[in-house]
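Coordinate analysis (summary)
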Amino acid sequence: MSKKDSNLKNCSFGTKSVWAAETELFYEGATQVPIVQNATFGFKDVDTWYDVALEKKEGHIYSRNTNPTLHVFEEKMRILDGAEATTSFATGMAAISNTLFTLLSPGQRVVSVKDTYGGTSKIFMEFLPRFNVNVQLCDTTDHEAIENEIKKGCQVVYLETPTNPTLKVMDLKRLIRTAHDNGAVAIVDNTFATPYNQMPIELGADLVVYSATKFLGGHADAMGGVVSGKKDLVKQIYHFREINGATLDPMSAFLLIRGLKTLEIRMQRHNENALKLAHFLQGHPKVEQVYYPGLESHHNHEIAKKQMHGFGGVMSFTVRGGYEAAVKILPKLKFARMAAHLGSVDTIVGLPKVASHVETTPEERKLLGIPENLIRCSVGIENIKDIIADFNQALSKI
Ligand SMILES: *Cc1c(COP(=O)(O)O)cnc(C)c1O
């Protein structure tokens, strides 16, 4: 941390996101982060090179390991997360898989839930078992069942809240405490909430992981992943990443840095818009059910209120008329993209059956509590009047 960055300690979130790791001028007095688009870094003498290699001196050697543009992105996230250390990845899945494969060895055990992100769930069900790691996936909302599994002994507890696509909420403080009481490392995927809405490290988590592709970048134009947390753990995960090579590229890092600067105002607007759309849909005669942690009808609204600053930009709802009705509505929306994405400034809609859960069977979706007529909506930062008018006209067509 530079001297000037220590001035940020008592600043609020929005100030940190603009200024963190950018209080000093860059190369040739540049005020904005240069995109250091090169593979390698040269030295004038061998001694300096050796000292940098031994981490006795600051510097960069090769961009698979470290790069100045990536460094600024990582420092910004470290400060926003309130973490000891942060490292970055090419994608969110790279961050998650590198973390799990760093921390788990054959014969060990991880406890998680059934509602993790689709890719994460594949790691748990398809890949970790091949390496003889025992994976226990619990009912997401059954805290007692999760705690009972943790108490049987495990090395890692992996949590995600709110979940995709039914926005289930878990009590992080409670489950992290149980993990620690039983000697396990607690990891939280904070992609949906972002550090603006939820601070897992403050709630006790050892590590927090993100897909930066979503709200952190916020414009659907760059992919990336982040791991923040305890220094010794992040160091091990960084080491695994520098060797297997799932490194973020400088251009994406630049775009993600630019995105982070508006994170506070974007999240405020996402929170506000999603809550208003949820209220509107809840009162609509063609809507069966709305899934959003900000609604009092949500199963864990009280926990969400306690551990979240805002309820996020993602909500889901079911429409009357089943899957056919849902299929009819989506193309009728004028200002919502049908796409497998979330967390961008534009409103995005999708059906779990064809997007996040395309690889599951109807029976599996039923077990997960995902109705076939569920529409997931990542509410953008457009004017909410236009979003509501758009959903209203689309619903009137069924
Ligand atoms: C998208 C997503 C991921 C994976 O991130 P990628 O950047 O697509 O690899 C992980 N977790 C959650 C909750 C996500 O939404």
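Just above sits the structure.
In what follows, the accompanying structure is described.

Scanning the protein for helices and strands turns up 16 helices and twelve strands. Once the C-alpha set of the protein is aligned to its principal axes, its extents read approximately 75 × 50 × 35 Å. With 398 residues in all, the protein has 55% of them scored as buried. In the protein, 73% of the contacts between residues at least 6 apart in sequence involve partners at least 24 apart. As displayed, the protein offers around 17,800 Å² of accessible surface, 53% of which is attributable to carbon and sulfur atoms. For the protein, the distance from the average position of its 44 positive side-chain charges to the average position of its 44 negative side-chain charges is 4 Å.

Turning our attention to the nonpolar core. Judged by nonpolar contacts, the single largest core of 33 residues is most densely connected at L277, L281, M315, F317 and F391. Breaking this core down by element, the ones donating at least two residues are α12 (263-282), β8 (287-291), α13 (301-307), β9 (314-319), α14 (322-329), β12 (374-378) and α16 (384-395). With five residues, the top contributor of residues to this core is α16. In contact with F317, not counting residues within four places along its chain, are L281, V287, Q289, V290, Y291, N373, L374, I375 and F391.

Neighbouring the ligand are 14 residues; M93, D189, S211, T213 and K214 lie closest to it. G92 places a main-chain nitrogen or oxygen 2.9 Å from an oxygen atom of the ligand. Protein chains bury 94% of the 380 Å² of accessible surface belonging to the ligand in isolation. Top contributing element to the shell around the ligand by residue count: helix α5 (residues 92-103), with three residues. The class makeup of the residues in the shell around the ligand is five nonpolar, six polar and three charged.

Strand order in the open sheet formed by seven strands is β1-β7-β6-β5-β4-β2-β3, and the pairing between neighbours is mixed. Only two strands of the sheet have a single neighbouring strand rather than two, namely β1 (85-89) and β3 (134-138). Between one strand axis and the next, the sheet turns through 20° on average, direction left out of account. Pairing geometry for strand β4 (residues 156-160) and strand β5 (residues 185-189), over five bridges, is parallel. Bridge assignment links E160 to a residue of β5, and that residue is D189. Those strands touched by α5 are β1, β4, β5, β6 (207-211) and β7 (225-229), and its axis lies near 150° from that of β6.

All right, on to the environment of L263 then. Relative to the helices and strands, L263 is located in helix α12. Classification of L263 as buried rests on a relative accessible area of 0%. Separated by 118 residues in the primary sequence, L263 and A145 place their C-alpha atoms 35 Å from one another. Those residues within four positions of L263 in sequence are excluded, and the remaining contacts are F13, T194, P195, F215 and L216.

Attention shifts here to unusual backbone geometry. Cis geometry marks the peptide bond from T161 to P162; its omega dihedral reads -5°. Summarising the element assignment, P162 is placed in the loop between β4 and α8 (172-181). Along the chain, N164 connects to P165 via a cis peptide bond; the corresponding omega equals -5°. Of note, the phi angle at E28 is positive, near 60°, even though the residue is not glycine. Locating E28 in the fold gives a position in the loop between α2 (13-19) and α3 (46-53). Accessibility expressed as a relative area gives 70% for E28, which makes it exposed. Of note in this structure, T194 is not a glycine but carries a positive phi near 65°. Within the secondary structure, T194 sits in helix α9 (residues 194-197).

Reading the values: the criteria
Residues numbered from 1 in each chain as written. Predicted model: local features only at pLDDT ≥ 70, side-chain atom pairs only at ≥ 80, totals over all residues. Heavy atoms only, no water. Helix = DSSP H or I, 4+ residues; strand = E, 2+ residues; numbered from the N terminus. Buried < 20%, exposed > 50% of the residue type's maximum accessible area, 1.4 Å probe, protein only. Contact = heavy atoms within 4.5 Å. Areas by Shrake-Rupley, 256 points an atom, 1.4 Å probe, with all protein chains shown as cover. Lys, Arg positive; Asp, Glu negative; His and termini not counted. Charge placed at Lys NZ, Arg CZ, Asp CG, Glu CD. Core = buried A, V, L, I, M, F, W, Y, C linked by side-chain atoms within 4.5 Å. Near = heavy atom within 4 Å. Polar contact = N/O pair within 3.5 Å; in protein donor to acceptor, adjacent residues only side chain to side chain. Nonpolar A, V, L, I, M, F, W, Y, C, P; charged D, E, K, R; others polar. Pairing = 2+ DSSP bridges. Axes fitted to C-alpha atoms, helices over the stretch in contact; angles between N-to-C directions.

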